[in-house]
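A closer look at the structure
One letter stands for each residue in the lines below.
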Amino acid sequence: MKKSTLRITVIFIILIAIVVGYYAYLSGKSRDVASDVKMTEIQLLLSRDMQSDYPPTVKEVIKYYTDIQKCLYNEECTDEELEQLGLRARELYDAELLENNEEEMNLLQLKADVASFRSAESKITSMSVASSVNVDTFTEDGYDFARIRCDYTIIENGKSNPTATIYLLRRDENRRWKIYGWDLAENVNPY
């Protein structure tokens, strides 16, 4: 009787080892598949939780905004992704800028701008946001404002076209920097 009990115990242990081994094999295989899946630049931008992970500085707000622009104008994106990126950009806008740019019209204009940019076979090759020490801050009418420069290089008709934009940001009631407006650097008085 002891021989049969020993046999059953050995068989039972072998069966448990096979089940555990097979489970480990399947778990490792699913991890390999999961690691092969990579998010696109668009998905990475859209996955950011703007409530808990809003860009903390003027530079970071503009860096995130320019990353959105680069995806809009350089990446192949669906109409849905284009709209989602446009809405995400609007989350960075100041309340007054939002009031002056009705959402539906803003998105239609964005789609037209992107289509025009692509049909001209233009491409943004580089973007450079000024360093944080080059942010000009000031107070006006009880609001904190900041100006920052962003340099762009755009290829148009096979030629490199450098341009610069000055962004004006205003701090909101939650102490978040929001884009108040922007203009080409050549149109802005030096600060």
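Provided above is the structure to which this section pertains.
Structure report, in brief. (Residues numbered from 1 in each chain as written. Predicted model: local features only at pLDDT ≥ 70, side-chain atom pairs only at ≥ 80, totals over all residues. Heavy atoms only, no water.)

Across 5 bridges, strand β2 (residues 136-140) lies against strand β3 (residues 143-156) in antiparallel orientation. Its bridge partner being in β3, T137 is matched across the sheet by A146. Where β2 folds back on β3, the antiparallel hairpin that results is connected by 2 residues, among which D141 adopts a positive phi of roughly 55°. (Pairing = 2+ DSSP bridges. Helix = DSSP H or I, 4+ residues; strand = E, 2+ residues; numbered from the N terminus.)

If you trace the backbone, Y180 turns up in strand β5 (residues 177-184). Measuring from C-alpha to C-alpha, the distance between Y180 and T125 comes to 26 Å, with 55 residues separating the pair along the chain. Sequence-distant contacts of Y180, defined by excluding residues within four places in its chain, comprise D94, E96, L97, F145, L168, L169 and R170. (Contact = heavy atoms within 4.5 Å.)

The next thing to look at is the layout of surface pockets. In this structure, the largest pocket occupies an estimated 650 Å³ of space. Taken together, 26 residues form the lining of the largest pocket, with Y65, Q69, Y73, D113 and W182 sitting closest to its centre. Broken down by secondary-structure element, the contributors of at least two residues to the lining of the largest pocket are α3 (58-74), α4 (79-90), α6 (103-119), β1 (123-129), β3, β4 (159-171) and β5. The element best represented in the lining of the largest pocket is α6, accounting for 5 residues. Across the lining of the largest pocket, the residue classes tally to 15 nonpolar, 8 polar and 3 charged. Surrounding the second largest pocket, 15 residues form its lining, F138, F145, R147, L168 and Y180 being those nearest its centre. Contributions of two or more residues to the lining of the second largest pocket are made by β2, β3, β4 and β5. Its residues assigned to classes, the lining of the second largest pocket shows 9 nonpolar, 1 polar and 5 charged. (1 Å grid on protein atoms, 1.4 Å probe; cavity = no way out; pocket = protein on both sides within 12 Å on 5 of 7 lines; lining within 4 Å. Points joined across faces, edges and corners; volume = space filled by probe spheres on them. Nonpolar A, V, L, I, M, F, W, Y, C, P; charged D, E, K, R; others polar.)

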